[in-house]
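Chain by chain, the residues:
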Amino acid sequence: MSTERDILITEVALRDGSHAIAHQYTVEQVKKVAKALGEANVPYIEVAHGDGLGGSTLQYGLSRTNEMELIEAAVSVCGDSKVAVLVLPGIGTITDLKQAVSIGAKMARVATHVTEADVSAQHLSKAKEMGLETVGFLMMSHMAPVEKLVEQAKLMESYGADTVYMVDSAGALLPHQVKERVRALRQNLQVNVGFHGHNNLSLAMANTLAAIEEGAQRIDGSIRCLGAGAGNTQTEVLIAVLENMGIKTGIDLYKLMDTAEEVIAPLLQSPQEITRDNLVLGYAGVYSSFLLHAQRASKKYGIDSRDILIELGRRKVVGGQEDMIVDVADELARQRKAN
Ligand SMILES: C[C@H](O)CC(=O)C(=O)O
Ligand SMILES: [Mn+2]
């Protein structure tokens, strides 16, 4: 099969999907998935804790298996595919990144909130020095106006990002909003533009196609939608759609379909679908990885998880403020008691 690629796909189920399974990946599972993705000729496979290197903490959720073991396992079986790692400055350190590189990671994706690109300077420049491919990853992009997004993306470009991603962490953006953002990024950056969506409003595919139409060259997907919230753009479906559009990804569609059906589906406790809570994430513009935390707080405090999520959206809570989820649930419970 041709390895010509018009669009470069990064498969994120082994990182973003970690949120959906409460960071419970085992070495055996990662090996099975990474081997199958390698055989399907997926160019990049992201592996890490859901919140990136160093994310295994009480605040973000403890991993069952040390992520370095998972990265090493993926590298050992994924053939020509490259393993990428996500790192959030403030959570993951340069030391974490160096360790990931020493065991075979080839790409660093440095993620910040959409208005905080300045904190990515050190991580991006060090990653470049280490010879890695570099990505700047601007999360919660729906929270900033287009001009701000462009300003922040230019900062990442100046720090050494080879690609800057517009990240719809909450799955809250609509296709016309994706279009205007990607268009502005393409007009103002010399480097590649990428898009990472979430499917909470059932728009991940439409948003991804909108991004591609405006010139995005790198796209994230999660096989069988195994990502936070309702998951990401479903990779195997995206490959089929792009093939029908004559856009080459170099990925073997049948092998990817088989991986989704035979390797990923058995991993899931329940299918990834748009439940009422996932829908509220997109509706209220809440970080998709807050889902399980909000559901736990809902049980503990006896508050409808939708009320917690709506309140978090109203307060414009962002990644790194996971402690606010419990605060909000506690506050709502006290208010209910007082009334
Ligand atoms: C740390 C987040 O889960 C990164 C991500 O995938 C997103 O913002 O979306
Ligand atoms: Mn994500």
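Residues numbered from 1 in each chain as written. Chains lettered and ligands numbered in written order. Predicted model: local features only at pLDDT ≥ 70, side-chain atom pairs only at ≥ 80, totals over all residues. Heavy atoms only, no water.

As annotated in an unreviewed UniProt entry, the chain carries the name 4-hydroxy-2-oxovalerate aldolase and comes from Cohnella kolymensis. Taken verbatim from the UniProt record of the chain, the Sequence similarities (unreviewed entry) comment is "Belongs to the 4-hydroxy-2-oxovalerate aldolase family." (UniProt positions renumbered as here; feature names shortened; annotations may be inferred.)

> I'd love a proper account of the packing of helix α2 (residues 27–39) against helix α10 (residues 253–264), names of residues and values included.
Here α2 crosses α10 at 170°, and the two axes come no closer than 9 Å. As judged from the angle between their axes, α2 and α10 are roughly antiparallel. For the pair α2 and α10, the crossing hand works out as right-handed. Across the interface between the two elements, K32, V33, A36, L37 and E39 from α2 touch K255, L256, T259, V263 and I264 from α10. When the residues that make up the contact of α2 with α10 are grouped by side-chain class, the tally is six nonpolar, one polar and three charged. (Axes fitted to C-alpha atoms, helices over the stretch in contact; angles between N-to-C directions. Helix = DSSP H or I, 4+ residues; strand = E, 2+ residues; numbered from the N terminus. Parallel < 35°, antiparallel > 145°, perpendicular 65-115°, else oblique. Left-handed = near helix turned anticlockwise from the far one by under 90°. Contact = heavy atoms within 4.5 Å. Nonpolar A, V, L, I, M, F, W, Y, C, P; charged D, E, K, R; others polar.)

> Please provide a residue-by-residue account of helix α7 (residues 175–188), values included.
If you check α7, its first and last C-alpha atoms are 20 Å apart, about what 14 residues at 1.5 Å a residue would give, namely 20 Å. If you check which residues of α7 are buried, you get V178, R181, V182, A184 and L185. Buried residues along α7 cover an arc of 160° about the axis, so they all sit on one side. Counted as exposed and oriented over 90 degrees from the buried face of α7: H176 and Q187. On its buried side, α7 packs onto α6 (146–159), β6 (163–167), β7 (192–196) and α8 (204–213). (Expected span 1.5 Å × (residues − 1). Buried < 20%, exposed > 50% of the residue type's maximum accessible area, 1.4 Å probe, protein only. Arc of directions from axis to C-beta.)

> How would you sum up the packing of aromatic side chains? Please name residues and give values.
This structure, assessed with the given rule, holds two aromatic pairs. Geometrically, the ring pair formed by F137 and Y165 is tilted, given 5.5 Å between the ring centres and 40° between the ring planes. Here F137, found in strand β5 (residues 133–139), pairs with Y165, found in strand β6; they are 28 residues apart in sequence, far enough to count as distant. Considered together, F137 and Y165 belong to a single accessibility category, that of buried residues. A ring pair is formed by Y287 and F290, whose centres lie 5.3 Å apart and whose planes are at 75°; its orientation type is edge-to-face. Y287 gets classed as buried once you look at its relative accessible area, which sits at 6%. (Phe/Tyr/Trp six-rings, centres within 6.5 Å; stacked < 30°, edge-to-face > 60°.)

> Describe the domain arrangement of the chain, listing the residues and the values that go with them.
Domain assignment breaks the chain into domain 1 (8–267) and domain 2 (276–338). Between the C-alpha centres of domain 1 and domain 2 there is a distance of 25 Å. Between domain 1 and domain 2, the residue contacts involve 22 residues of the former and 20 residues of the latter. Buried surface at the junction of domain 1 and domain 2, summed over both partners, amounts to about 1,500 Å²; 61% is from carbon and sulfur atoms. Where domain 1 touches domain 2, the interface holds zero salt bridges. The tally of links between domain 1 and domain 2 comes to four residue pairs in polar contact (both at pLDDT 80 or more). Its residues assigned to classes, the side of domain 1 that touches domain 2 shows twelve nonpolar, nine polar and one charged. (Domains from an automatic or database assignment. Buried area = accessible area lost by both parts, 1.4 Å probe. Salt bridge = Lys/Arg side-chain N within 4 Å of Asp/Glu carboxyl O. Polar contact = N/O pair within 3.5 Å; in protein donor to acceptor, adjacent residues only side chain to side chain.)

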